[in-house]
Amino acid sequence: MRATRLHTEYLSEPLGIDIVRPRFYWNCDGGTTQTAYRIVALRDDVTLWDSGKVPSARMTHVEWDGVPLTSRDRVDWTVTLWDENDVSGDPVSSWFEMGLLEPGDWTARWITGGYEPRRNTRYPVDCFRREFDARREIVRARLYVTACGIYQATINGQRAGDIELAPGSTDYRHRLHYQTYDVVDLIADGANTLEVQLADGWYRGSVGAFGVTNVFGKRTALLCQLELTYADGTAETIGSGDDFGWSDDGPIRFADLKDGEVYDARRTPSYRGRAALAGTALVPVAANNVAPRAQETFTPTLITTPSGRRVLDFGQNIAGFLDCTVHGAAGQTITLRLGEILDTDGEFTQTNIQLRKPERRQIGRITGMLLITGQADRIPGKLQPTPKQEVTLICSGGTDHYRTAFAVFGFRYVLVDTDLPIDPADFRAVAVYSDMAETGDFTCSNEDVNRLVASTRWSMKGNFLDVPTDCPTRERLGWTGDAQVFFDTATYFMDVAAFFRKWLHDVRDGRHRSGKPSAIAPYSGLPMLYDSTGGSAGWGDAAVLVPYRFWKRYGDTRLLREFYDLIRGYATYMIDNTGPDGVYGEKGMHLGEWLEPEEFRDPVGPRSKVRQTEVATAYLHYTMTCLTEIASELGETEDAALFRSYAERATTAYGRLAELDTDRQAKLVRPLALGLLDGDTRTRAQRRLVTAVENRDHRVGTGFLSTPFLLPVLTEAGRPDVAYQVLENEKAPSWLAQVKSGATTVWEDWEGRESRNHYATGAVCQWLFDTVAGIRADGENRFVVAPVPGGTLTWAEATCTTLYGTIISRWDTGGLTVTVPANTTAEIRLPDGTHRTAGAGVHMFAMEGAVSE
């Protein structure tokens, strides 16, 4: 038996982490059962830890128990496994490297451009340069970089690493990440040049729905530290300081994450000036996360619209960069505008992704309120669309290659405005998202369902760029409610453990003294909007539900302890805002179900007279129930008792608020899914839900909060036939209506008027994995496989790579085949009620019985 898929802190061979007691993970290959393991960890051939032979089947969360780790430690570790016959396999190796653990490790100084920022003025990209000599043999070279802004670094013209949009999106008031690059292969023997470009990014550029700028400051800054270790044992550090050259006369004349770039290929930076020292005080920390990287590329077809405009169609809606090669006379321009859709006349449009903001005015409190309340026309001065999603290229006179560096767009279509001839072969769309390993896939006999799965996966990719955002265009914000409803689905599609751990830091960084989180994380300005909705039921609950589901999915109790202050803080907020009668939601602003089909929507906002106490009290019960489990797991017995009492009070209060005789599906799905009904009341509600669904011809009638629960609740009611009819319905509003209309990503609203890349309602895919294919993790080294065939499907198959290995479930008219990974067992629950236990291997079962081989 050998170990495979070795990870350290959920990461594959991480460079520059700062977790001082990292944990190790692996899967098993060969044999049936792991009976023991041994970990040996070395630094420069010196043993730091030898666990010895440990009798255990454990292959996750094995915590470091060696000598204390220090900054820059490069640790090579091997794991040896013993199988069920006590025979050891070959050791398998991996490594990790510590980053800079102490503030004193940073000897570089913060620098900024040599200019004084003016009000309402945008600036070109800053260019910094430092020349240095390296005339001895180098055995190790590390470049540590971060910025208030976003950066790209090169050494001798070659890019350092392949991370995009670094250092990423955080709440810069509290947290700033740095990146570590191995650059030993970039250093020349002799003269070398380090160059860094610095753009506005999330720090100073446009963020949020209204493109607010200068959210964290008006002056960008750079911190970089190049550490060289020579073969003779000596070392040298080259750190940013006022000896760096600087200019802002390079080719990127404008760069904004949302609005785009202006690129003048005739220019090169002069570095005539000198960098200025900056007063930034924040000490950077490691992200301990997967980094955003360029991923798939797409080539377009060139279409001509009815009005004669030229549009590139890349065939897939993505979030990413534009890459192109152009040939034009010096000074000729090409303007490229990017969007998600063509309008009903077949013309390019950005209307579904754009709002308006002042052209020459900062968005303060009054201006922000006017924008939020739809009164933009009362703002003095000219308004402009936001986001612009526009690239302007100015030709050099030769062959120019352009690739977006400091902006990211949501798009499928590109409107081309130029006098130059256009060859679509010269253009590429480049998807950019956090580098999460794909871990799951679902396919079946209904090709439209397969397209729905692909659309959901692409919406996830389009919105998982360092932060789980709502959409990659209009807002591009880490809405908490969207993330919590999609979390379990995300874990089937990709390895999101490190990604969501990072985001929980963002949530905690932005919480209020009351314990209420912001509605978005990380902070992105406009507190009058996002802070006021932070406690909204279903959104604020993410502070509890994401750690809770993380624990259930990954078995990570250390994460629960790490974020218990966040979790308990939100519990306190809920308790403080619960009425004496147990009703929750009388205070504060609540968004309700959010984006049900139009006929069911409640008005939302400070002037709305519709109280959302039914939604809020249901979530009080559900979240307090989850809190009780968390507190019990952590040994917080007094907290557990308190939370249990509030869950019970909420159940009683909800009985006075419930609306169980209605065709509004969310009103029925919610109490059934969140455990508020039992006995005859539950049975009646289940029957009424079936009636409500049938009364709408099996079309979806739920919004953000209840859509993930709709099909599971119907299945639990003993009506999977109705669930399948809803899934396969092609009449709007439905998932397959979007597919039939040509969607390649999931829509924000059922009507398709808003963003066309919004993963929330794609959470239905969890049901495909855990119910249609029937795959569910069931604790350490255990699975349950309980498929529920139905609908028009003649076969279905799902593959899931988990912490414990890769499990496959496939059923067709001939029966069920399950592949169980080594060192695990699976309980097989067949549709006829038969239960079987299967160990590692491939097992085949007739639907009315079981035969294994």
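Everything numeric in this text was worked out from a predicted model, so none of it was measured. (Residues numbered from 1 in each chain as written. Predicted model: local features only at pLDDT ≥ 70, side-chain atom pairs only at ≥ 80, totals over all residues. Heavy atoms only, no water.)

## Observations concerning the overall build of the protein chain
Definition in use: Secondary structure elements are defined from DSSP: runs of H or I of at least 4 residues count as helices, runs of E of at least 2 residues count as strands, and each element is numbered from the N terminus. Note that the radius of gyration is over C-alpha atoms, with the globule rule given as 2.2 Å times the number of residues to the power 0.38. Exposure categories follow from relative accessible area, calculated using a 1.4 Å probe and restricted to protein chains: below 20% of the type maximum is buried, above 50% is exposed, and the middle band is partly exposed. Should any heavy atoms of two residues lie within 4.5 Å, those residues are considered in contact.
If you tally the helices and strands in the protein chain, you get 17 helices and 46 strands. Whereas a compact globule of 853 residues would reach a radius of gyration of roughly 29 Å, the protein chain reaches 28 Å, a difference of no more than 12%. Along the longest, intermediate and shortest principal axes, the C-alpha atoms of the protein chain span 80 × 70 × 55 Å. Considering the protein chain as a whole, with its 853 residues, one finds that 61% of them fall into the buried category. Residue pairs at least 24 apart in sequence account for 73% of intrachain contacts in the protein chain once pairs closer than 6 positions are excluded.

## Quick notes on the pattern of salt bridges
Pairing is possible between side chains that carry opposite charge, provided their charged atoms lie close to one another. Just so we agree on the cut-off: Any carboxyl oxygen of Asp or Glu that lies within 4 Å of a side-chain nitrogen of Lys or Arg is treated as forming a salt bridge with it.
This structure, assessed with the given rule, holds 70 salt bridges. The salt bridge partner of Arg159 is Glu164, with a shortest N-O separation of 3.0 Å. Overall, Glu164 belongs to the buried group, its relative accessible area being 2%. Ionic pairing is found between Glu296 and Lys461, a salt bridge with its closest N-O pair at 2.7 Å. With Glu296 in strand 25 (residues 292-298) and Lys461 in helix 3 (residues 447-463), this residue pair connects regions lying 165 residues apart in the sequence. Via salt bridges that share partners, Glu9, Arg21, Arg23, Glu63, Arg501, Asp556 and Arg558 belong to a single interconnected network.

## Quick word on the environment of Pro831
Turning to its location among the elements, Pro831 is positioned in the loop between strand 43 (825-829) and strand 44 (835-838). Using a relative accessible area of 47% as the deciding quantity, one classes Pro831 as partly exposed. Setting aside anything within four residues of it in sequence, one finds Pro831 in contact with Pro787, Pro789 and Met847.

## Some remarks on helix 13 (residues 679-695)
To keep it simple, the criterion reads: In this scheme, a helix's expected span is set at 1.5 Å multiplied by one less than its residue total.
When the terminal C-alpha atoms of helix 13 are compared, their 25 Å separation across 17 residues agrees well with the 24 Å that a helix rising 1.5 Å per residue should span. Of all the residues in helix 13, the buried ones are Ala685, Gln686, Arg688, Leu689, Val690, Ala692 and Val693. The inward-facing, buried residues of helix 13 abut helix 12 (665-673), helix 14 (707-716) and helix 15 (720-728). Two residues or fewer after helix 13 comes Asp697, characterised by a positive phi angle close to 55°.

## A word on the nonpolar core
The following threshold applies: We define the nonpolar core as a collection of buried residues of types Ala, Val, Leu, Ile, Met, Phe, Trp, Tyr and Cys that are connected through side-chain atoms lying within 4.5 Å of one another.
Of all hydrophobic cores here, the largest spans 230 residues; its most connected members are Trp26, Phe442, Phe464, Phe500, Met624, Leu711 and Leu714. At 11 residues, helix 10 (residues 613-633) tops the list of elements feeding residues into this core. Ala134, Ile138, Ala160 and Ala166 belong to the second-largest nonpolar core, a separate cluster that totals 34 residues.

## Side note on the sheet that holds strand 43
Under the convention used in this document: We treat two strands as partners when DSSP finds at least two bridges between them. Here the axes come from fitting lines to C-alpha atoms, over the contacting stretch only for helices, and the angles between their N-to-C directions go from 0 to 180 degrees.
Pairing is mixed in the open sheet, where four strands are placed in the order 38-39-43-44. At either end of the open sheet lies a strand with only one pairing partner, and these are strand 38 (775-777) and strand 44. Strand-to-strand twist in this sheet, taken as the mean axis angle between neighbours without regard to direction, amounts to 20°. Sheet topology places strand 38 next to strand 39 (residues 782-785); three bridges connect them, and they run antiparallel. By the bridge assignment, Arg776 is partnered in strand 39 with Val784.

## Looking at unusual backbone geometry
Residue Pro387 is bonded to the preceding Thr386 through a cis peptide linkage, with omega at 0°. Inspection of the secondary structure puts Pro387 in the loop between strand 32 (383-386) and strand 33 (390-394). In this model, Ala732 is joined to Pro733 through a cis peptide bond whose omega is 0°. With respect to the secondary-structure elements, Pro733 resides in the loop between helix 15 and helix 16 (735-740). Although it is not a glycine, Asn288 adopts a positive phi angle of roughly 50°. When you line up the elements, Asn288 lands in the loop between strand 24 (285-286) and strand 25. Owing to a relative accessible area of 13%, Asn288 belongs among the buried residues under this scheme. Backbone geometry at Trp594 places phi at a positive 70°, although glycine is not the residue there. On the secondary structure map, Trp594 appears in the loop between helix 9 (564-576) and helix 10.

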